[in-house]
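# Report on the structure
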Amino acid sequence: MWVKPEEVLISGGFWDTEVANTYFLLQHRKGAGHGSRGFAGILVGTLDSVFDTKPPPYRILHQTPSAELYYIVAVSLKKEEIDENWVWLERNLMTILATFDNDEDVTDFVRCKIESLVANSTVTDPHSTPDPDSETFKAVSHKFKKLFNLPDGEKLVNYYSCSYWLNRLPRQGWLYLSVNYLCFYSFLLGKETRVIVRWRDVILLDCTNALIFPDSIRVSTRDHEHYFSMLLRKKETYELMEQLANMAMKQLINDEEFTEDKELLTKVSKKIPKKASFLKRDLDARAHSDMYRSKFRLPLSEKLDGSTTCFLWAPYKKSYISGTLYVSPSYICFDSKIANLVSIVCPLREVLSVERIDNIKGNSSVKRALFLCTTQSSSSNSFLFNDVGDRDFVIRKLSEMLGRTIPTKNALPDNIGRKPGTRSNSISEERVEYSSPTSQSPPGSQENGASSNSESLEAETIMLPLRTLCIGPEEDLEEGEHDKRKLALWERHWNEYGRGVTMYRTVETARLVLEGLPDDIRPEVWMIFSGAINEQAMNISHYEQAVIAGLKRGGPANDEIERDLHRSLPEHPAFQSETGISALRRVLCAYAWRNPAIGYCQAMNIVASVLLVYCNEEEAFWLLAALSERLLPDYYNTKVVGALVDQGVLEDLILDHLPDLHAKLSRLGIISLISLSWFLTLFLSVMPFEAAVHVVDCFFYDGARVIFMVALAILNANKDVLEKCDDEGEAMMILSEYLSSITAAKLRYGKRKTSVCDEAVTSEGAEASVNITDIIESGYKNYGFITNVAIERLRVKHRLRVVQLLEDTAMKNTLRTVGPDCLLSEEDLRELVAYVRAEQILGADDKEIRQRSMSGNQLGQEGYALGYETFRQLFLTASPWGQGDRADSLVTSMFNMLDVDGSHMLSFRSVAWLYGVLCVGDFARKLRLFYYLHLAFPPSLDDVDTVKREEVEEEAAVEAEEYFDVIEEDFGKGKLDLSISDEERLSANNSPKKVYKDDLTGLATIHNRDYRKYEQRFLPPMNQEQFINMWRTVYSFFALETNQEIFTSLSRVGTLLLQIGEVGRRVKECASRSISESATPTDSSINTDTSSESSKKVSTLDSLMPSELSSACTQAPDKPLSTDETERKARELDVSHLMSVPSAEYSLQKSPDDESSDRETDSVSSTSNVHSSSSASHSELEWSISFEQFLANVANEERLVSFFERSFSLAEEVQKLRKRQAVSTNGNFSTATTPS
């Protein structure tokens, strides 16, 4: 390609000239092009690899006879492209340059011409998306994909120079980090080293400083450990590797695909350092946004736009506080430089105006200031930011964002029932206003009304906390006074620091939360500090819709909810009546509908019931959403991955801060037992909920670090006793007794019964009790240095280990459950599982259908499912039948056969069964499958073969319905209905995905058939068109065969089967004619007798098998019989004997049920009128062959038998397929791990 001319001092050195003329030279890099890779080529390649100076191997230089400088005018990676540029120069420029008298004019003309060519080649559409990557990075990305043979869709993030330790020797090279892979390449003295690791295979990632591998990054997989050292930017490299590995683990957990944030391409930014690639910028922006959302409890959709330094005016202390101002599309936030000193969260929906202030009379310190006026009437809810960096740019950004938020500014959760013109963020203030007597009354009191209102009553929400609707123990006067004092402190705090979501969050706020919240303001504080109030503000009326949809939907999640309703906080009187049970049902069902990926998980009922005690239904719903989706991510999915990850985090913290106790607990093996029950319910299930709710107060304010600090404080308090325990039972008893003895200032509903010793503990009195406030204060005092950032870093480390462990467990379970049902070996099954799982993660073609199908479907039980594209690729490349010009049609037929429920997804069990038959099954079983496939799900024919198909389709459909009806009578009982719902079927029809059902015959439209039942029953006969279709498929298997003997065998078998079918058709016709002639229509009784005699005759004929025809079926003739010879043979054979040919399908493998069915059919036919008894149906006279005839004739041909009996190693073929997709095996290759 043409490049902007650049000066070159030396034309030789590492370059050899191929062609030259007066003004241009065409050169290639030493070791490339026509030259051999001698010592010079190896040396140049090594230097280029080490210093990353490897340029394109071909270039064109411009020179003049009198000049000493050269100019590069074109470079290329391919010889053909550089030759085209050379030819263009000779044809278009040489004649013009010959007319110039001055060499300087020649050089000026050439430079201008080449620059114009470059400009013309880079003209792009102004409406197209700008290309963010530089030409250098594009070249490196192209080189990366070429070196490791990766698909075009693989995106390189960044690359670094480093050393890879191979056999304790460092190899200098380049480390490439992409979205799905970690790769390393080195070329030293002619020897190549390639390493490729999939991020999803990584189980450990850390920095080490061992003697053998100094100051290196260790990447561990199941099979290898890799060390990378001598990194110039080690911290940046490690953080990027950590981020990419964490993304891969989240893909495994949530089955989500990485997508670039294209908004960054058009984003206007200032003072943003240049990134190596757009993806690197994207990932950095994601990391900053994650930190921003976590720090200020913002919705998951919020993205950080930018940040700048400034000073916040603190009116409560009359001084400025240094910190950072954060701006995002919907929020303005501030955090002080001194941790936890003050922070602010101001939604743009609360902002009335943004003003620029340059000076204030009498206050010269105000400069480049920014004043935010909010909707709150208090002066404490307006903010002054001084000395704002890039203030004008920030103001323009805020103006744009405010303009976009104007339509939704009044859509707030706390405007229900509010008088016009007023506003408040306090939830408790208007609670009485929007509650009505109807909403406060228990739903059970209205069930005696009209039945037409039952659904509306069931979905009617309660607008008050359950604690206000139930009659519990009377509150002690001292406790009431204590609550009033705390409430007065909060009122004073709000007057000074502001109230609502825009309040100043200071050290004083943290102290008040630590002391415990009064019940009256607890829902308000929870909603604000958890960020749930923001989600509620963005989704007005969402809860009401979710309740109706969730109760109506039903499904497995709702069934699990119903089972757990009465086990949720049974000691509280609110859940001893239908009022609390109905409210809990509505909240849980609504959330299961909102987030079907989570649905419902045990322990959610405990948390939701406590939330309902203190909050109304909608507040409890949004708090549960914030807890499950943001504050405790992945805690409540089917595998409780988040809780298992935090279990590892707690173990690390115990090891660091309580090493002696860690050694004891590890020997006893109880860390995993205590952590899950503690973390999943936030201690609500292991201690009295009125005490545990204080932990929840701090958790909503301070994040996940609170539960770890409390856990460490509990273990530290029992350290001496636990170290003396002899077994895990004794240790668990000690912890249970301690937790049950924890009290709060107000404990009206008794202690949770957690052990048999609870009564003894209670009888010991107040001396044995522990106040929850003391435990929390001990946690903050001894372990307050643990930050949420440190917790998240530990989570990344343990997420790698936990997810890989779960993947291994899922694979083992799949192998254990599927193995007995298929014929594949364990090695074949393991490779098949690994391939399917890899395609689920890396391939997005089937993701939408798979996610829809696995929701509430049996496919989800195995965890591995295949869509059409994945199955097609697997079948065509790793199957003995995946060859020939009919392979695609055969794939469709196979997919239709295995897709028993019409969901467009195949269970792994069905695919494993299919490959067991194809790769391991015996000859007869394979032919039976092949015959059945073309009978029930025939592959589509070409246009030239689809003549007059309508009549055949109708007859085939009638036969198929009769055949499958018989199967359903025997096997349909007790079968689970896997048919998809109307909504899912409609969404599948509207999906842009390809429809895979084949409409060749009526057979393919019959669903809900078990594909394995063909082995348990006889197979119906095959008509002529179906046979021709099947035989065409057999021919396609040998399309590339050069041995003519195989085609002779095919012709011999096909001709004989056609003749057998023709003979049978003629015999049927003769038999039908003889029966009709012997019938007399004079009397109904005579008709009955005649019909009975005919039935007996047919039954007798069915039991006979002529030796003549048997020999004809088993012995192949040397040449095909002519039509005349066929008719002559038919006349020579006894008609009664030949009648056994068309009826063979009825006499083979008959069971008593079949015989009784035949007798019933005979009795019914005997009562029919004379015309129906004397005339044969058209289907009875149709050309047909049976499976037994097909099997017997194919078995006589040794070459066909050898093809169908040929062994096939599935494991080897799948490994080849994965290698072709993942990595090239050329050169000296060091594979990091076998991709799985």
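Residues numbered from 1 in each chain as written. Predicted model: local features only at pLDDT ≥ 70, side-chain atom pairs only at ≥ 80, totals over all residues. Heavy atoms only, no water.

### Focus on the overall build of the protein chain
The helix and strand inventory of the protein chain stands at 51 helices and 26 strands. Each of the 1236 residues in the protein chain was classed as buried or not, and the buried ones make up 51%. The long-range share in the protein chain, meaning contacts at least 24 apart out of those at least 6 apart in sequence, stands at 70%. By element, 51% of the accessible surface of the protein chain is carried by carbon and sulfur atoms, the whole surface being about 57300 Å². (Helix = DSSP H or I, 4+ residues; strand = E, 2+ residues; numbered from the N terminus. Buried < 20%, exposed > 50% of the residue type's maximum accessible area, 1.4 Å probe, protein only. Contact = heavy atoms within 4.5 Å. Areas by Shrake-Rupley, 256 points an atom, 1.4 Å probe, with all protein chains shown as cover.)

### Some thoughts on the confidence of the model for the protein chain
When pLDDT is averaged along the protein chain, the result is 75; 69% of the residues meet or exceed 70. Every residue in residues 1082-1180 scores below 50 in pLDDT, and together they form 83 contacts with partners more than four places removed in sequence or on other chains. Scored below 50 in pLDDT, residues 1223-1236 makes 50 contacts in the model with residues more than four places away or belonging to other chains. (pLDDT = per-residue confidence, 0-100.)

### A closer look at the pattern of salt bridges
Inspection of the entire model under this criterion finds 45 salt bridges. Salt-bridge contacts for Glu-562 lead to Arg-585; the nearest nitrogen and oxygen are separated by 2.6 Å. Of this pair, Glu-562 sits in helix H17 (residues 556-564) while Arg-585 sits in helix H18 (residues 578-594), placing them 23 residues apart in sequence. Since its relative accessible area comes to 14%, Arg-585 is described here as buried. (Salt bridge = Lys/Arg side-chain N within 4 Å of Asp/Glu carboxyl O.)

### Some thoughts on the sheet that holds strand E10 (residues 204-208)
Adjacent strands of a sheet form backbone hydrogen bonds with each other and so pair up, either parallel or antiparallel. Pairing is antiparallel in the open sheet, where seven strands are placed in the order E9-E8-E7-E6-E12-E11-E10. The open sheet is flanked by strand E9 (191-198) and E10, the only strands paired with a single partner. Shown here is a sheet whose adjacent strand axes are inclined to one another by a mean of 30 degrees, direction ignored. As paired elements, strand E6 (residues 156-166) and strand E7 (residues 169-178) share ten bridges and run antiparallel to each other. Each bridged residue has a counterpart across the sheet, and for Leu-156 the counterpart in E7 is Ser-178. (Pairing = 2+ DSSP bridges. Axes fitted to C-alpha atoms, helices over the stretch in contact; angles between N-to-C directions.)

### Quick notes on the sheet that holds strand E14 (residues 319-328)
Strand order in the open sheet made by the eight strands is E17-E18-E19-E13-E14-E15-E16-E20, with antiparallel pairing throughout. Every other strand in the sheet has two partners, leaving strand E17 (351-357) and strand E20 (505-506) as the edge strands with one partner each. Examined bridge by bridge, strand E13 (residues 306-314) and strand E19 (residues 383-386) share two bridges and lie antiparallel to one another. Bridging from a neighbouring strand, Phe-311 pairs with Asn-386 of E19. Strands in contact with helix H8 (residues 391-405) are E13, E14, strand E15 (331-336), E17 and strand E18 (369-374); relative to E17, the strand with the most contacts, it is inclined by about 160 degrees.

### Some points on a negative patch on the surface
A contiguous patch of negative charge on the surface is contributed by Asp-101, Glu-104, Asp-105 and Asp-108. Of note, Asp-105 is situated in helix H4 (residues 103-121). Owing to a relative accessible area of 36%, Asp-105 belongs among the partly exposed residues under this scheme. (Patch = residues over 30% accessible without salt bridge, like charges linked within 9 Å, V, L, I, M, F, W, Y side chains within 5 Å. Lys, Arg positive; Asp, Glu negative; His and termini not counted. Charge placed at Lys NZ, Arg CZ, Asp CG, Glu CD.)

### A look at the side chain of Asp-519
With respect to the secondary-structure elements, Asp-519 resides in the loop between helix H13 (507-515) and helix H14 (522-530). A distance of 2.7 Å separates the side chain of Asp-519 from the side chain of Arg-522, its partner in a polar contact. (Polar contact = N/O pair within 3.5 Å; in protein donor to acceptor, adjacent residues only side chain to side chain.)

### A look at the nonpolar core
Ranked by size, the top nonpolar core spans 120 residues in total, and within it Trp-526, Tyr-636, Trp-678, Phe-683, Ile-714 and Leu-715 carry the most contacts. Beyond its immediate chain neighbours, meaning those up to four positions away, Phe-683 contacts Trp-678, Ala-692, Val-695, Ile-707, Val-710, Ala-711 and Ile-714. Leu-874, Leu-914, Leu-935 and Trp-1183 belong to the second largest nonpolar core, which has 71 residues in total. (Core = buried A, V, L, I, M, F, W, Y, C linked by side-chain atoms within 4.5 Å.)

### Structural notes on the packing of aromatic side chains
Per the counting criterion, the structure on display carries 48 aromatic pairs. Geometrically, the ring pair formed by Phe-100 and Phe-109 is tilted, given 5.5 Å between the ring centres and 40 degrees between the ring planes. We classify Phe-100 as partly exposed; its relative accessible area is 27%. Pairwise contacts between aromatic rings join Phe-137, Phe-144, Phe-148, Tyr-159, Trp-174 and Tyr-176 into one cluster. The ring of Trp-15 has Arg-59 sitting right over it, with the charged end atom 4.1 Å from the ring centre. Directly above the aromatic system of Tyr-614 lies the positively charged group of Arg-522, at a separation of 4.9 Å from the ring centroid. (Phe/Tyr/Trp six-rings, centres within 6.5 Å; stacked < 30°, edge-to-face > 60°. Lys NZ or Arg CZ within 6 Å of the ring centre and 35° of its normal.)

### Considering the side chain of Thr-107
Along the chain, the position of Thr-107 falls in helix H4. Those residues in contact with Thr-107 that sit more than four places away from it in its chain are His-62, Thr-64 and Tyr-71.

### Considering the pairing of strand E12 (residues 225-229)
Counted residue by residue, E12 has four buried out of five residues, so it is predominantly covered. Where E6 meets E12, two bridges bridge the pair, whose relative direction is antiparallel. For Ser-163, the partnering residue across the bridge sits in E12 and is Ser-229. Relative to E12, strand E11 (residues 216-220) runs antiparallel, the two sharing five bridges.

### Topic: the packing of helix H35 (residues 887-898) against helix H36 (residues 908-919)
Closest axis-to-axis distance for the H35/H36 pair is 10 Å, and the angle between their directions is 125 degrees. By the angle class used here, H35 and H36 are oblique. In this structure, H35 meets H36 at a crossing whose hand is right-handed. For the pair formed by H35 and H36, the contact residues are Met-894, Met-897 and Leu-898 on the first element and Ser-910, Trp-913 and Leu-914 on the second. Its residues assigned to classes, the contact of H35 with H36 shows five nonpolar, one polar and no charged. (Parallel < 35°, antiparallel > 145°, perpendicular 65-115°, else oblique. Left-handed = near helix turned anticlockwise from the far one by under 90°. Nonpolar A, V, L, I, M, F, W, Y, C, P; charged D, E, K, R; others polar.)

### Describing the environment of Leu-240
Among the structural elements, Leu-240 can be located in helix H6 (residues 234-254). Between the alpha carbons of Leu-240 and Ala-287 there is a distance of 9.8 Å; along the sequence they are 47 residues apart. Among all residues touching Leu-240, those that are not within four sequence positions of it are Val-157, Asn-158, Tyr-160, Leu-177, Lys-280 and Leu-283.

### Re H13
Three or four residues apart is the spacing at which side chains of an α-helix point the same way, because the helix has 3.6 residues per turn. Among the residues making up H13, those that are buried are Thr-509, Leu-512, Val-513 and Leu-514. Count one or two residues on from H13 and you reach Gly-516, which has phi positive near 110 degrees.

### Here's the deal with H35
Across its twelve residues, H35 extends 16 Å between first and last C-alpha, which sits within 8% of the 16 Å expected from 1.5 Å per residue. Across the twelve residues that make up H35, a large majority, eleven, are buried. Among the residues making up H35, those that are buried are Ala-887, Ser-889, Leu-890, Val-891, Thr-892, Ser-893, Met-894, Phe-895, Asn-896, Met-897 and Leu-898. For H35, the secondary structure elements touched by its buried residues are strand E23 (865-866), helix H34 (868-877), strand E24 (906-907), H36, helix H37 (923-936) and helix H40 (1024-1037). (Expected span 1.5 Å × (residues − 1).)

### Re the environment of Pro-556
Inspection of the secondary structure assignment puts Pro-556 in helix H17. Separated by 43 residues in the primary sequence, Pro-556 and Gly-599 have C-alpha atoms spaced 9.0 Å apart.

### Considerations on the environment of Arg-293
With respect to the helices, strands and loops of the structure, Arg-293 is situated in helix H7 (residues 278-296). For the pair Arg-293 and Lys-303, spaced ten residues apart in sequence, the C-alpha separation works out to 7.9 Å. Among residues more than four places away in sequence, those in contact with Arg-293 are Leu-298, Pro-299, Leu-300 and Glu-302. Looking at Arg-293, its side chain comes within polar contact range of the side chain of Asp-290, at 2.3 Å.

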